[in-house]
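Inside the fold
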Amino acid sequence: MIPLLAVSMVACGTAASSAALPSPTSLTVFAAASLQPAFDTIGRQLKAQQNITTTFSYAGTQTITAQLQQGAPADVFASADTAHMTTIQHAGLIAGSPRIFAHNRLEIAVEHGNPKGIHTLVDLSRAGLVVVLADPSVPAGKYAAQALAMAHVTVHPASLEPQVTGVLSKVALGEADAGIVYVSDIVTSGKVDGVAIPDDQNVIADYPIAALGAAQNPDGAQAFINYVLSAGGQAVLKTAGLQGA
Amino acid sequence: MLAAAGLLFFLIPLAGLVAKTPWAQVGSAVAAPGTATALGLSLVCSLCATMAALVLGIPLGLLLSRTTGTLRSVLRALTTLPMVLPPVVGGVALLLAFGRRGLVGSLLYQAFGIQIPFTTTAAVMAETFVAMPFLVIAVEAGLRSLDHRYEEAARALGASSWTVFSRVTLPLLRPAIFSGAVLCWARSLGEFGATITFAGNFPGRTQTVPIAVYIALETNPDSAIVLSLILLAVSIAVLVGMRDRWLGAL
């Protein structure tokens, strides 16, 4: 009898302290591959602070765009460029207007210690160098092509990866001598070194975020977006190597 | 009833593909330079992979049919493993074996400067890796169902091992080899995961039709559908052309 009372009192006690958090909800976020480290952290913080369990689906922005157009269910869409967000907007799939929440820049990824001595974009056109880029259909690939065109450099890539993280992994595995990825990819990877691209040759990627019209959890979607734009969310993005809104 | 359901399960996706084809754009999609390049590369790579599978797979099938006990179980598990392994995992394994830092690849790179990833050779290797088991299994099954008295008679009449093999065994094995080779070719034509991981994606060099479809699906779905339809037409032509023969030795 008494143990039963004790147990129920403890149970009430824990119930009372967890009543400080709102009731649990779940959220689905489709985000560009380059956002994975930052958004995973934001997801954990949101769970601790607002009891929202977020399921992330990361892929190349063009993949996500195609999935959303085919009716894939999601609450939030975070894109690596404005062009794909505009496509989704014109398809009437978002609620409200997109907000730019982060920026990213390009950087050259090389193996630790930069054994091939790559210092500029021009070095990438050296004969015998194995360079990997993202496919032009991917925002990172599009930006890389722009940067190379601005620097008047012709590169013969060994492969055009469908995700920018694929470029990173090929360099990290030692299969490629260099690749053009985002600054944030290099910061969060730790397995490659970065060679900076000067501002006048670089491309600034704008990352927009929006809630989707068919969201199952529109309040949760708005809470996520608000958090990403808040000081806490922006701090996480900066730690991951992105630049704030 | 269930058979009808099974048939529909295969038929409906194919019907969907044909129904959603943008027939007005088929002409321009077929004529697009990327299409012919991807198709040509796919055909070359899959044929090379099938030939490699024949050269390596027939002896392997022979070996399998002649071993018994634990050794046979181990060998058979090894040769059928690529069928069970997710293709991307196969690609990663190939990279870790033949990449610049790979088990064998690092030796090739340091000694001869040979780099295998991102080449057409890598695409052929990836396709061979996933498709060869089909040939090996067909050959082994064919060998087990052979009437060995013909071989014994030939040997008794004084033929050498090589003559027995080339003039008696191989011709008897022809249906099994043929059906195994066609399955191998079909599998290598559709290979995606191992190819894109090990060989990467570059038009004209490693962008086979499945990879081209994957990339096109996100930016130009119409072109992707047309490419898929072409691959489907080629596959149907070959399979129908085989008629009953492909079931024979399985």
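Nothing here was measured: the structure is a model prediction, and the numbers come from that model.

Rules used throughout
- Residues numbered from 1 in each chain as written.
- Chains lettered and ligands numbered in written order.
- Predicted model: local features only at pLDDT ≥ 70, side-chain atom pairs only at ≥ 80, totals over all residues.
- Helix = DSSP H or I, 4+ residues; strand = E, 2+ residues; numbered from the N terminus.
- Buried ≥ 20, exposed ≤ 12 C-beta atoms within 10 Å, placed from the backbone.
- Contact = placed C-beta atoms within 7 Å.
- Expected span 1.5 Å × (residues − 1).
- Bend = angle between axes of the 7 residues up to and from the residue.
- Domains from an automatic or database assignment.
- Nonpolar A, V, L, I, M, F, W, Y, C, P; charged D, E, K, R; others polar.
- Core = buried A, V, L, I, M, F, W, Y, C linked by C-beta atoms within 7 Å.
- Pairing = 2+ DSSP bridges.
- Right-handed = clockwise from strand over helix to strand, strands pointing away.
- Axes fitted to C-alpha atoms, helices over the stretch in contact; angles between N-to-C directions.
- Parallel < 35°, antiparallel > 145°, perpendicular 65-115°, else oblique.
- Left-handed = near helix turned anticlockwise from the far one by under 90°.
- pLDDT = per-residue confidence, 0-100.

Take the overall build of chain B next. The helix and strand tally for chain B stands at 13 helices and zero strands. Along its sequence from the N terminus, chain B presents helices and strands in the succession α-α-α-α-α-α-α-α-α-α-α-α-α. For the C-alpha atoms alone, the extent of chain B along its principal axes is close to 65 × 60 × 30 Å. The proportion of buried residues among the 250 residues of chain B is 36%. The contacts of chain B with a sequence gap of at least 6 include a subset with a gap of at least 24, amounting to 76%.

This part is about the overall build of chain A. Secondary structure summary: chain A contains nine helices and ten strands in total. Based on the C-alpha atoms only, the size of chain A along its principal axes is roughly 80 × 40 × 30 Å. The buried share of chain A, reckoned over its 245 residues, is 47%. Counting contacts in chain A only where the partners sit at least 6 residues apart, residues at least 24 apart contribute 78% of the total.

Attention now moves to helix 7 (residues 120–144) of chain B. All names here are of chain B. The first and last C-alpha atoms of helix 7 sit 36 Å apart over 25 residues, in line with the 36 Å expected at 1.5 Å per residue. Its axis deflected by about 40° at alanine 131, helix 7 carries its strongest bend there, up to four residues before the proline proline 133. For helix 7, the tally of buried residues reaches 21 of 25 residues, placing the bulk of the element in the interior.

With that settled, the discussion passes to the domain arrangement of chain A. It is common to give the size of an interface as the accessible area lost on bringing the parts into contact. All names here are of chain A. Partitioning chain A into structural domains gives domain 1 (25–103 + 205–244) and domain 2 (105–204). Centre-to-centre, using C-alpha coordinates, domain 1 lies 25 Å away from domain 2. Of all the secondary-structure elements, those providing two or more residues to the side of domain 1 that touches domain 2 are helix 3 (61–69) and strand 9 (204–212). For the side of domain 1 that touches domain 2, the residue count by class is seven nonpolar, six polar and two charged.

We now examine the nonpolar core. Core analysis: the largest hydrophobic core is formed by 131 residues, its most contacted members being Val76, Phe77 and Phe224 of chain A together with Ala126 of chain B. Looking at this core element by element, the count peaks at 16 residues for helix 7 of chain B. Both domains that furnish three or more residues to this core are identified here as domain 1 (25–103 + 205–244) and domain 2 (105–204) of chain A.

Contact with chain A, which involves 16 residues of that partner, is made by 15 residues of chain B. For the side of chain A that touches chain B, the secondary structure elements donating two or more residues are helix 3 and strand 6 (159–161) of chain A. With four residues, the top contributor of residues to the side of chain A that touches chain B is helix 3 of chain A. Its residues assigned to classes, the side of chain A that touches chain B comprises seven nonpolar, six polar and three charged.

Let us now look at the pairing of strand 7 (residues 178–182) of chain A. Strand residues, when the strand is regular, have side chains that alternate between the two faces of the sheet. All names here are of chain A. A large share of strand 7 lies buried, amounting to five of its five residues. For strand 4 (residues 94–110) and strand 7, the ladder comprises five bridges, and the chain directions are antiparallel. Counterpart to alanine 109 in the pairing with strand 7 is glycine 179. Relative to strand 7, strand 5 (residues 131–134) runs parallel, the two being bridged by two bridges. From the neighbouring strand, valine 132 faces strand 7, where its bridge partner is glycine 179.

The subject of this paragraph is the pairing of strand 1 (residues 25–32) of chain A. All names here are of chain A. The pairing of strand 1 with strand 2 (residues 52–59) spans eight bridges and is classified as parallel. Along strand 2, the bridge assignment pairs valine 29 with phenylalanine 56. In the classification by handedness, the crossover that spans strand 1, the intervening helix 2 (residues 36–50) and the parallel strand 2 is right-handed. Bridging between strand 1 and strand 3 (residues 76–78) involves three bridges; their strand directions are parallel. When the bridges of strand 3 are listed, alanine 31 appears paired with alanine 78.

Residue and element names in this part refer to chain B. On the secondary structure map, glutamate 127 appears in helix 7. With 32 C-beta atoms counted inside 10 Å, the residue glutamate 127 sits in the buried group. Not counting residues up to four positions away in its chain, the partners in contact with glutamate 127 are Cys45, Ser46, Ala49, Ser188, Glu191 and Thr195.

Bringing the packing of helix 8 (residues 149–156) of chain B against helix 9 (residues 161–189) of chain B into the picture now. All names here are of chain B. Two elements in contact, helix 8 and helix 9, have axes whose closest approach is 10 Å; the angle formed by their N-to-C orientations is 165°. Accordingly, the angle class assigned to the pair helix 8 and helix 9 is roughly antiparallel. Our pair here, helix 8 against helix 9, has a crossing hand that is right-handed. Contacts between helix 8 and helix 9 involve Tyr150, Glu151, Ala154 and Arg155 from the first element and Val164, Val168, Thr169 and Leu172 from the second. Of the residues contributing to the contact of helix 8 with helix 9, the split by class is five nonpolar, one polar and two charged.

What is expected of a backbone is that most residues other than glycine have negative phi and most peptide bonds are trans. The backbone of asparagine 114 of chain A sits at a positive phi, close to 50°, despite the residue not being glycine. Tracing the backbone shows asparagine 114 of chain A in the loop between strand 4 and strand 5.

Once that is clear, we can look at the confidence of the model for chain A. Overall, the predicted model of chain A reaches an average pLDDT of 90, with 92% of residues at or above 70. Taken element by element, chain A is modelled with least confidence in helix 1 (residues 2–18) of chain A, mean pLDDT 54, and with most confidence in strand 3 of chain A, mean pLDDT 97.

This next bit is on the environment of glutamine 146 of chain A. Along the chain, glutamine 146 of chain A turns up in helix 5 (residues 139–150). Measuring from C-alpha to C-alpha, the distance between glutamine 146 of chain A and isoleucine 88 of chain A comes to 23 Å, with 58 residues separating the pair along the chain.

What follows is about the environment of valine 139 of chain B. All names here are of chain B. Of note, valine 139 is situated in helix 7. Using a count of 27 C-beta atoms within 10 Å as the deciding quantity, one classes valine 139 as buried. Setting aside residues no more than four positions away along its own chain, valine 139 makes contact with Gly57, Ile58, Gly61, Leu173, Ala176, Ile177 and Gly180.

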